[in-house]
Amino acid sequence: MSNSDGIQSCLHVALLPSSGMGHLIPFLRLAASFLRCHCQLTLITTDPVVSLAESQLISRFLSAFPPVTEKKFTLLPLDPATANSTDPFTLQWETIRRSAHLLSPLISSLSPPLSFIVTDITLMSSVIPISANLCLPNYMLFTSSARMFSLLAYFPSTKTADGSFQFGNVIEIPGIPPIPRSSLPPVLLNSNSLFAKIFSENSQTITKLNGVLINTFEGLEKQALDMLNSAKGLPPVFPIGPLLRCEFEGAESLATLKWLDDQKEGSVLYVGFGSRTTTSKEQIKEIGMGLLLSGCKFLWVVRTKILDKEEEEGLDEILGYELMQRIKSSNNGLVVKEWVNQCEILSHKAVGGFLSHCGWNSVVEAALNGVPMLACPQRQFGDQRINLEVVEAAGWVLCVKSSGWGEDVLLKGEEIGEKIKELMASESVKLEAARIGQEARKAAGFGGSCKDSLKKLLQSWNKAH
Ligand code: UPG
């Protein structure tokens, strides 16, 4: 039976997210979109999960949507021989990949049988053989930018006869501005790293996918999207962004909202570096100095541990008593170390700037709210410099130029302070941010490309079956 959009009302979709909030959040927002299209949904959750934030979000999602079936996917222990990473999220990707064969009986046991599965990029090369064996269409939700996906799609062509990868100083991908080698994370340039191995294996399986969903929209990445959708041999790309915050994600704390309510419109710089970026105490001191030197109001989320379970110190210990006192007596800032509802903060009228690491979800959330960005991407993580290039091309970002953070380069408070002043005073960046905000809301709104892409995806599946 089909509805008025020509979409079967009995589609059964399974989602298999990977580890880390930066991956889980877009998957659950996508899940909510499928539910709005009346799909039946199974969420495959790993046992164990890495962080407290992930397990809490999964619980809230399942409570908000009782018809969703949760299937627990019990993971095998990690093989120490392949575990050459210290990052618990990358190690979890490897653990899931290692356990992928166990998905076969899990998927086969689902009733009614699945129409298709949506997998995370980090798991693709191990899940595709399983889904192919079950004749199950496999789509991927790519949680980063279309520009980053272009690099992934292009990656196999850099392979040399001895199996290593060769890059020049600039990576020329036809149809998009070149990517400088310096934008690639060192772990990708080291063919022996676990990250490079996973990236390379996944890149070689893209052509086997039925489609790729990207949390982006034309107003932000038209060139890359046009290139991808006209490239030979690639699966269709569906720009389903900006994915919107959902109620199950919870509300921001009343104290934070009250503080924001008391500030002037557009006066507050929000400082947050996503879910897995740790900041050294030395760097925290410099950021604190920069914030104070700027004289601006600020709301700052600090995080010193990769794993939230291990975040035990109080703010006085993390920032140091003296810096904490200076912030208190300046009356300019609010510092928190808990998980915040970033989307709600970015949508508050008091927020006029965002000091960000350029995690892709943060970029899209800033775009949606038309918030100017000040970027300090971390090079050691996969995509942040490449994401910055997207925002730079659209003109609504300034960058802390000496940004080598994560490569043992300390960003100095003076530079941070100067850049904050420049950002908060820049009318041109504000205008571009407002323009991108309008584009983003148009894409997300009634009749916009976001819903249209999802509809096209479901219709394309229908036509094929
Ligand atoms: N968030 C909150 N509250 C917090 C911290 C984060 O709501 O206190 C949310 C934020 O709104 C966003 C997500 O958590 O939705 C964080 O995602 P993102 O901004 O992409 O940063 P990371 O958590 O660092 O994401 C990882 C990678 C990043 C990559 C992203 C998507 O570090 O480089 O772009 O995954 O693949």
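Residues numbered from 1 in each chain as written. Predicted model: local features only at pLDDT ≥ 70, side-chain atom pairs only at ≥ 80, totals over all residues. Heavy atoms only, no water.

The name recorded for the chain in an unreviewed UniProt entry is UDP-glucosyl transferase 88A1, putative, from Theobroma cacao. Quoted verbatim from the Sequence similarities (unreviewed entry) field of the UniProt record, the comment on the chain reads "Belongs to the UDP-glycosyltransferase family." (UniProt positions renumbered as here; feature names shortened; annotations may be inferred.)

A. Spotlight on the domain arrangement of the chain. The domains assigned to the chain are domain 1 (12-246 + 446-463) and domain 2 (252-441). Counting from both sides, the interface comprises 41 residues of domain 1 and, opposite them, 30 residues of domain 2. With both chains or domains summed, domain 1 and domain 2 bury close to 3000 Å², and 62% of this area falls on carbon and sulfur atoms. At the junction of domain 1 and domain 2, the tally comes to three salt bridges. A salt bridge links E389 to R147, with the nearest nitrogen and oxygen atoms 2.6 Å apart. Where domain 1 meets domain 2, there are 13 residue pairs in polar contact (both at pLDDT 80 or more). When contributions to the side of domain 1 that touches domain 2 are tallied by element, the ones reaching two or more residues are α1 (21-36), α2 (52-64), α3 (88-98), α6 (146-154), β7 (179-180), α7 (186-189) and α9 (218-230). For the side of domain 1 that touches domain 2, the residue count by class is 24 nonpolar, eleven polar and six charged. (Domains from an automatic or database assignment. Contact = heavy atoms within 4.5 Å. Buried area = accessible area lost by both parts, 1.4 Å probe. Salt bridge = Lys/Arg side-chain N within 4 Å of Asp/Glu carboxyl O. Polar contact = N/O pair within 3.5 Å; in protein donor to acceptor, adjacent residues only side chain to side chain. Helix = DSSP H or I, 4+ residues; strand = E, 2+ residues; numbered from the N terminus. Nonpolar A, V, L, I, M, F, W, Y, C, P; charged D, E, K, R; others polar.)

B. Representation of unusual backbone geometry in the model. Geometrically, the link from D47 to P48 is a cis peptide bond, its omega value of 5° lying close to zero. In the segment running from G241 into P242, the intervening peptide bond is cis, with an omega of -5°. Residue position: P242 is located in the loop between β9 (237-239) and α10 (254-261). Phi is positive for C135, which is not a glycine, with a value near 55°.

C. Representation of the packing of helix α11 (residues 281-294) against helix α13 (residues 321-330). Running from amino to carboxyl end, α11 crosses α13 at an angle of 20°, the nearest separation of the two axes being 11 Å. Between α11 and α13, the crossing angle belongs to the class labelled roughly parallel. Seen along the crossing, α11 lies across α13 with a hand that is left-handed. On the side of α11, the interface is formed by I284, K285, G288, M289 and L292, while α13 contributes L323, R326, I327 and S330. (Axes fitted to C-alpha atoms, helices over the stretch in contact; angles between N-to-C directions. Parallel < 35°, antiparallel > 145°, perpendicular 65-115°, else oblique. Left-handed = near helix turned anticlockwise from the far one by under 90°.)

D. Fine view of empty space enclosed by the protein. A full pass over the atoms with the stated rule returns three cavities of 30 Å³ or more. Taken as a whole, the largest cavity spans an internal volume of roughly 100 Å³. If you go around the largest cavity, you meet 13 residues; those closest to its centre are P17, S18, T46, V49 and E54. If you list the elements that add at least two residues to the lining of the largest cavity, you get β2 (40-47), α2 and α3. Examining the composition of the lining of the largest cavity, we find that three residues originate from one element, β2, more than from any other. Looking at the lining of the largest cavity, its residues break down into seven nonpolar, five polar and one charged. (1 Å grid on protein atoms, 1.4 Å probe; cavity = no way out; pocket = protein on both sides within 12 Å on 5 of 7 lines; lining within 4 Å. Points joined across faces, edges and corners; volume = space filled by probe spheres on them.)

E. Main features of the site of the ligand. Within the structure, the ligand sits among 20 residues, and S275, V340, S362, E365 and D383 are positioned closest to it. H357 places a polar side-chain atom, nitrogen or oxygen, 2.9 Å from an oxygen atom of the ligand. Within the side chain of N361, one N or O atom sits 2.9 Å away from an oxygen atom of the ligand. Protein contacts shield 96% of the accessible area of the ligand, which totals 680 Å² for the unbound molecule. Secondary structure elements with two or more residues in the shell around the ligand: α1, α15 (360-368) and α16 (384-394). If you tally residues by element for the shell around the ligand, the top one is α15, at four residues. Across the shell around the ligand, the residue classes break down as four nonpolar, twelve polar and four charged. (Near = heavy atom within 4 Å. Areas by Shrake-Rupley, 256 points an atom, 1.4 Å probe, with all protein chains shown as cover.)

F. Just the side chain of Q342, in detail. Following the sequence through the fold, Q342 ends up in helix α14 (residues 342-346). One polar contact links Q342 to E365, side chain to side chain, over a distance of 2.9 Å. When residues no more than four places from it in sequence are discounted, the contact partners of Q342 are Y270, F354, S362 and E365.

G. Summary view of the confidence of the model for the chain. The predicted model of the chain has a mean per-residue pLDDT of 92, with 95% of residues at 70 or higher. Prediction confidence for the complex, expressed as pTM and ipTM, is 0.96 and 1.00 respectively. (pLDDT = per-residue confidence, 0-100.)

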